[in-house]
Amino acid sequence: MLNCSVHLTWGKVRIVPESKFTAKKILSASKTFTDRVEPVSIFNTHLSSVMEGKTKQRALVFYGVGGVGKTRLITELMTKIENPSLNAKTNSRKEIVLLHISMDIHEYDSPLAALIGLRKQLKTPCVLFDYALARYLSLIGKSADQIREFIPKDSVWWDVLGELLSVVHLPIGLLDRIIVWARERHSEQFSLYKGEIDEIDSILHDPSAISERLPHFLGLDISVISRAKNQTFVVFLDSYESIFKRSTYNEGNSQPDEFVRELLISSENTLFVIGSREYLKWGELDPTWDEILDQHILEYLSPEDSEYFLRSVSITDDSIIKSIVNTCKGLPLYLDLCVEIYRRNDPAKLNASDFLIPTKEIITRFLNHLSDNERDLVVALSYVHFFNFDLFERIVKMLNSPVSITDFEEIIDHSFVKRLEDLNGIFKIHDNFYEYVTKDPKMSKIVIGRLMRTAMEYLRENMDEIDVQTLTTMYSSFMRLVPLAGNVSADAMESVLGVSIFLIDEGYWTLVENSLSDLGNNMASLPQFAFLKAVCLRRTGALNESNSMLIGLEKNRSDFGYYKNYVDYYIADVTRVMGNYDAALGIFKNIAANLTSSQDLKLFLKTQRQIGDLTFVKSDFGEALKILQETSAICEAESLELAEVLRIMGHIYRFNFFLEDATSFYMRALEIAKKSGAISLEGRLYNNLTEVFCWIDQKKALDFGDKSISINRAIVSPVEEGKTLAALAIANAFDDNFDKAVKLAKESERIQQNVGYRGGVLFANLALGMVYALTDDQSLLEPQIERASNILSELEGEKFSILPLNVLSKKTKDLEQLKLKCKWLDFDRTLRQLQELFEKKR
């Protein structure tokens, strides 16, 4: 909840909200509910008040049911702002700057994405926001050239670095130096924010501490720009209710729209205009928000407004106008549909009775006035909800419709079709149409099934090329067709499996799991969907449940068509993570024996990589390296399959303590992962880099560890988080932070015990042993070595992992045995490397 402050204004005391991060402003208030005639006038009144300095901030909210015209009103108000005569009416010389985002666009799927969307519309440098954003992106692992993608060229970054940033890949380590240059070159600008800059600089390892301040910082930038350039800002936020529907806003956040309040209260000389289906209940959080919000319900259009609209589109018959007004009850969407009905017929043959339609049947009547082919196409597009030209073309062919693909422009020109400006070439059918068709019991389930198959086939065939935002938006929408279709054909199910597995591999298993939860119990229990659920559970660390479900699905392998071998693959994968290495290797080898690269290249490469991984786990480093090198030769350049193989090769060098070689492989894999947007792989690689640098550069280990934990917690990957904590325990022990190191190691063990990852439990205990070894406390060290040895004896691999403890404890006999048990790349070199590391520590 926001704090409050007291101000003396116009001769009376006023209490208003303030930001969590700084004291805030004086605001006026009113609470009025108007009909459809008033909004423009009220908007002009508030805008004039802000422009003339009577009000520094205001939030004007228009709310009402779907189809009542909120988006149209916002569009009209935005158009009026662009009219130069408005300034004359307000008697102000201030320039009006318009910012706009629609919260139902998938690109704005988080507070950070929404803030960046607003920032990109500003034509003036935002010194504080850009500075904080760059620091935040650096903390979560973005390199300078990746940060460039988020920050416009008018930023301080571009001023300081010029052409350098546009042509050179800059490592993370240079970011601090770049920031120093920026502050020196722009000392006057930075001096405005000295307190805030110092606050940002003090945050070294917690990116969330910066991200929660970003809306406040953007508001401060808007305030400074407004004063410096004599500007008034108007920020339009449409489809506000979408914030509460998205899991990406709600996860771990009881107030998902808090960032909007922080932005609003921090922005001076600014009018916010919000379109929402619901009344905003900010006053329940803090009654002083009533001093800011002016909320107006958008009632249905008045009869006078409705009549005016109909006459403006050349309907002149008084009786027809009266019928349409009575039928539509002021809903703009329905008025539009009646106008289309009017235009599709000969006006001379129409009379008032043609428009005496029950309001709820207007969409039905509109569809009935279309030709059969047009109607089928509009209904089909309404079901998929989101579409582009390529999908439109496929649906036309599926329907065997004579509608020409050249009619695409006419289709998207309908009033019920919305162009999503933030998703290139994507269109959305109005929610009212979607809700209408999905509740129509007359729609053939067979047709819905064919439609779902067509849509999913399109995604499966193009998932490597479609951008992630579009892919996830369409996938979520198309999955809603599954329960409507009832029975899913084998072809359609193959496409669902293919796209879902692709998204899980990319790190979007939460999205897939959410879509599965919406299917209903009967549909979700189908073997293919149960399989996807089991794979998601494997990713989130529920290994026992995942394993049990997958084993139960073995008998259904034939139901999976092209993906029948994936059941065995994931059984082997879960078996591997649970520590049963011999059984897992046997399954993988069996898959490889019955699969060629021409049958399923992706599965072939994944299986060969797993065989190489397990060969290394079984301590045959040379053979593992050979398998992986042969596999990498088949991979496409810059592919995720190649990155995964390079990562395992990095493991081989890491456990041989050839740490420079390991780092090289991990960095190359990380570069590919970032380019591909594979957030899961990125998180795993930051963990691996933490595991390298915990031995040789503890500061870098802490930085990489923060990035790993940030990502892996966000995508719910406890196995990787636990491994990172173990590595951080070693790093802290090298820095003599022994108490913290012990806590980290024990927390790592707790997480891995809960997950059931036996290898992770081993790593946690080895880390704790390293902590005790570096303290030179033999009373703690010996029992810990014994405990780690007992865990290791129960595993079928990873015998090499105890080497550092044997070196530190100077167990010569154990070292000789370990040399013989494992097929090292070069044992003598490995031993020298470790001895040098520990000698430096002493």
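The next thing to look at is the sheet that holds strand β8 (residues 386-387). Reading across from one edge, β8-β10-β9 is the order of the three strands in this open sheet, with antiparallel pairing throughout. Only two strands of the sheet have a single partner each, and these edge strands are β8 and β9 (417-420). Here β9 pairs with strand β10 (residues 426-429) via four bridges, running antiparallel. Looking across to β10, one finds that K418 is bridged to K428.

Below, the discussion takes up the pattern of salt bridges. Under the definition given, this model contains 34 salt bridges. A salt bridge links D573 to R576, with the nearest nitrogen and oxygen atoms 2.9 Å apart. With D573 and R576 both in helix α34 (residues 564-577) and three residues apart, the pair spans about one turn of that helix. Taking the relative accessible area as the measure of exposure, D573 reaches 5% and is therefore buried. Here E638 makes a salt bridge to K675, at a shortest N to O gap of 3.8 Å. Of this pair, E638 sits in the loop between α37 (621-634) and α38 (640-655) while K675 sits in helix α39 (residues 659-676), and the two are 37 residues apart along the sequence. Residue classification places K675 among the exposed positions, given a relative accessible area of 61%.

Below, the discussion takes up the sheet that holds strand β4 (residues 95-102). Judged by pairing direction, the sheet is parallel, and its five strands sit side by side in the order β4-β5-β6-β3-β7 without closing on themselves. Of all the strands in the sheet, the pair left with one neighbour each is β4 and β7 (293-297). Across the sheet, the axes of successive neighbouring strands diverge by a mean angle of 15 degrees, strand direction being ignored. Of the strand pairs in this sheet, strand β3 (residues 57-63) and β7 are connected by five bridges, and their pairing is parallel. Looking across to β7, one finds that V61 is bridged to Q295. Docked against the sheet, helix α4 (residues 111-119) engages β4 and β5 (231-238), running at close to 145 degrees with respect to β4. Strands β3, β5 and β6 (270-276) of the sheet are contacted by helix α16 (residues 258-266), whose axis makes an angle of about 140 degrees with β3.

Here the focus is the packing of aromatic side chains. Inspection of every chain in the model, using the stated rule, returns 32 aromatic pairs. Ring geometry for F366 against F433: centres 6.2 Å apart, planes inclined by 80 degrees, an arrangement best described as edge-to-face. Placement of F366 in helix α21 (residues 362-368) and of F433 in helix α25 (residues 431-438) is noted, with a sequence separation of 67 residues between them. On the accessibility criterion, F366 (0% relative accessible area) is buried. One aromatic cluster is present, formed by F616, F621, F655, F763, F800, W824 and F827 through successive ring pairs. Positioned above the aromatic ring of W282, the side-chain terminus of R261 is 5.4 Å from the ring centre. Taking the ring centre of F658 as reference, the NZ or CZ of R829 above it sits at 3.6 Å.

The subject of this paragraph is empty space enclosed by the protein. Across all of its chains, the model carries four cavities of 30 Å³ or more by this definition. By volume, the largest cavity amounts to about 320 Å³. Along the wall of the largest cavity there are 20 residues; nearest its centre are R654, F655, W695, I730 and F763. Among the elements of the structure, α38, α40 (679-696), α42 (718-734), α44 (758-774) and α46 (803-808) are those that each provide at least two residues to the lining of the largest cavity. A class-by-class count of the residues in the lining of the largest cavity yields 16 nonpolar, one polar and three charged.

Moving on, we get to the side chain of N765. Mapping N765 onto the fold places it in helix α44. Classification of N765 as buried rests on a relative accessible area of 0%. Leave out the neighbours within four places in its chain, and N765 touches E749, Q784, R787, A788 and I791.

About the thresholds
- Residues numbered from 1 in each chain as written.
- Predicted model: local features only at pLDDT ≥ 70, side-chain atom pairs only at ≥ 80, totals over all residues.
- Heavy atoms only, no water.
- Pairing = 2+ DSSP bridges.
- Helix = DSSP H or I, 4+ residues; strand = E, 2+ residues; numbered from the N terminus.
- Salt bridge = Lys/Arg side-chain N within 4 Å of Asp/Glu carboxyl O.
- Buried < 20%, exposed > 50% of the residue type's maximum accessible area, 1.4 Å probe, protein only.
- Axes fitted to C-alpha atoms, helices over the stretch in contact; angles between N-to-C directions.
- Contact = heavy atoms within 4.5 Å.
- Phe/Tyr/Trp six-rings, centres within 6.5 Å; stacked < 30°, edge-to-face > 60°.
- Lys NZ or Arg CZ within 6 Å of the ring centre and 35° of its normal.
- 1 Å grid on protein atoms, 1.4 Å probe; cavity = no way out; pocket = protein on both sides within 12 Å on 5 of 7 lines; lining within 4 Å.
- Points joined across faces, edges and corners; volume = space filled by probe spheres on them.
- Nonpolar A, V, L, I, M, F, W, Y, C, P; charged D, E, K, R; others polar.

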